[in-house]
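Below are the chains, spelled out letter by letter.
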Amino acid sequence: MNLPTTKKIHIFVAAIGVAFGLGNIWRFPYVVAENGGGAFVLIYVFLTTIVGAPLLIGEMLLGKSTGKNLIGSLKLLSANNKVLSVGFSTLVLILCLLVLSYYSVISSWVMHFFTQFIFGLFSSDFEPRLIFSSLKSQGYLQLLLTSVHLIITCALVKYKKEELLEKCIAFVLPFFTIVVITMAFRALSLENAIEAVRFFLYPDFTKISTKSFSAALGQMFFTLSIGFGAMVTIGANQYKDQSIPSAGFRLATLDSLFSLVAGLLIFPLVSSYFLYYDKVAGPELLFLTTPNLLNSLHFGTLLGVIFFLFLYLAALGASVGLVHTVTNNLAESKRLKNKNNYWIAGGMAWLFSLAPAFSSSFLKDFSFNGKPLIVVWDQVLIDWILPIVALVLSQVILYFVDEKKVKAEIQSQTPQNAHTIFTHWRFLVRWVIPPVIIFSMLLRLV
Ligand code: PFF
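Along each chain, numbering runs from 1 in the same order as the chain's sequence is written. Thresholds applied to this predicted model are a pLDDT of at least 70 for local features of residues and 80 or more for the giving and counting of side-chain atom pairs; totals over whole chains, interfaces and linings are not thresholded and use all residues. Neither water nor hydrogens contribute to the side-chain values; these are computed over all heavy atoms in the structure.

A.B. asks: With reference to specific residues and values, describe the environment of V13.
C.D. replies: Numbering of helices and strands runs from the N terminus; a helix is a DSSP stretch of H or I covering at least four residues, while a strand is a stretch of E covering at least two. By secondary structure assignment, the location of V13 is in helix α1 (residues 11–19). Pairs of residues are marked as contacts when any of their non-hydrogen atoms sit within 4.5 Å. Apart from residues no more than four positions distant in its own chain, V13 is found in contact with E166, K167 and A170.

Next comes the structure, spelled out in structure tokens:
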């Protein structure tokens, strides 16, 4: 009998390579700004603890218990129920591709900043504050860079370099954290920083709206990569260290901490350079604030190169995670099996990316309630569809995953506390997660 070959990296490294990305440093601050600051942050942290961590663990356990990706797991566990194994899986895979499409556009902005900062090293009149305004109007440039990003992503999947990239991200993450903390310290020394910290961390509940709960849920699912099937794929792999509960807890904690540090970097910049949080909110926030800071630093251009390089690597890891999830799932579906699936997935994401890539140029007049297309795209997918998908997934985990296997999994890693961990986990998945998601979605409709 062939034993499954054990991968050389730890499950935590694989999970962080996929989960860590633009969600932490690009999306988190802008969503916080749009939702009134501190109170939203508090809700977000609370939801990460009671919904995010248990569901993340549950998604990985789903893969671990079957040894298969989402499609294979659903087929097996639901006795080939077509609504789940075909309908639900198709929805999840389309969600992956639609998210990948606009994620690639934002990654293309990061790539552009990275290259511009490199050119800046050799130019005496480099002006980082102008990079974004000129990129914004150049739709074809955004599309070109998006295409390059998708080609790199698919090539990495084709040549099976995911693991290498995950290792690389886990290696640079501590350095990236140091860079962001250094920049945050500088930002915190600027005028009005205290006011910014107050906005970001003081929970003023009069500033949140009924939309804020689903926005916090969506952001939390997005940043932890829950609801995309990506964590099922990770759970299904044979990693060196199989401790799923501890990997899940560590990932949720580290991911939230990183986002909080990112907030401490961005918000002081908003108050120092723009004065009003809501006026600069939106996906441009990161790209409008950080160049100001970098411009004012002694080695700012070099720091900019490093910052955008690390950020691009993180974006690449997440994009590879999405393509990898789609192709692995398709490989489990008899009808859609094809050895060139990564190119097909990349091609579809490219087609979908035409709209967000042109959102700030040719399609700039298409706005909904004053929001540009790319923002609407992002919010519909993350604040609406993702929580619904996560709700279904929580029920799949609850009713189909064999409790004995979950218990055994926890027992094998933490024998002393296994019973307590298991009962708490099951309580949250059964009694807390579904009502919280449903309540947040209903509030959104009010
Ligand atoms: N978690 C990633 C981020 O924060 O940028 C986004 C992501 C990556 C979502 C991979 C889903 C996924 F499968």
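The rest of the description comes next.
A.B. asks: Let's hear about the site of the ligand: which residues, and what values?
C.D. replies: Summary of the distance rule: residues count as near a molecule or strand when at least one heavy atom falls within 4 Å of that molecule or strand. In the vicinity of the ligand lie 14 residues, with A19, L22, G23, Y103 and F222 positioned nearest. L22 is positioned with one of its backbone polar atoms (N or O) 3.0 Å from an oxygen atom of the ligand. Polar contacts, as used here, are pairs of N or O atoms within 3.5 Å; protein pairs need one atom able to donate a hydrogen and one able to accept it. Residues neighboring in sequence count only if both atoms are side-chain atoms. Contact between the ligand and Y103: an oxygen atom at 2.5 Å from a side-chain N or O atom of the residue. Residue exposure ignores everything except the shown protein chains as possible cover, and the areas themselves are Shrake-Rupley values with a 1.4 Å probe. Alone, the ligand offers 340 Å² of accessible surface; in the complex the protein occludes 100% of this. Among the secondary structure elements, those contributing two or more residues to the shell around the ligand are α1, α2 (22–34), α10 (212–223) and α15 (300–331). With three residues, the top contributor of residues to the shell around the ligand is α2. When the residues that make up the shell around the ligand are grouped by side-chain class, the tally is nine nonpolar, five polar and no charged. When residues are grouped by polarity, Ala, Val, Leu, Ile, Met, Phe, Trp, Tyr, Cys and Pro land in nonpolar, Asp, Glu, Lys and Arg in charged, and all others, Gly among them, in polar.

A.B. asks: Run through a nonpolar patch on the surface, naming residues and quoting values.
C.D. replies: Like-charged residues within 9 Å of one another, or nonpolar side chains (Val, Leu, Ile, Met, Phe, Trp, Tyr) within 5 Å, are grouped into patches, provided each residue has over 30% relative accessible area and no salt bridge. A pair is scored as a salt bridge if a Lys or Arg side-chain nitrogen falls within 4 Å of a carboxyl oxygen belonging to Asp or Glu. Taken together, the side chains of L121, F122, F299, L302 and I306 present a nonpolar region at the surface, about 550 Å² in accessible area. Mapping F122 onto the fold places it in the loop between α5 (82–121) and α6 (131–136). We call a residue buried when its accessible area falls under 20% of the maximum for its residue type, exposed when it is over 50%, and partly exposed in between, using a 1.4 Å probe and counting protein chains only. We classify F122 as exposed; its relative accessible area is 71%.

A.B. asks: Explain the pattern of salt bridges to me, and be specific about the residues and the numbers.
C.D. replies: Counted under the stated rule, the structure contains eight salt bridges. Notably, a salt bridge pairs K136 with E284, separated by 3.1 Å at the nearest N-O pair. With a gap of 148 residues between them, K136 in helix α6 and E284 in the loop between α13 (277–280) and α14 (285–296) connect regions that are remote in the sequence.

Remember that the coordinates give geometry; whether it matters functionally is a separate question.
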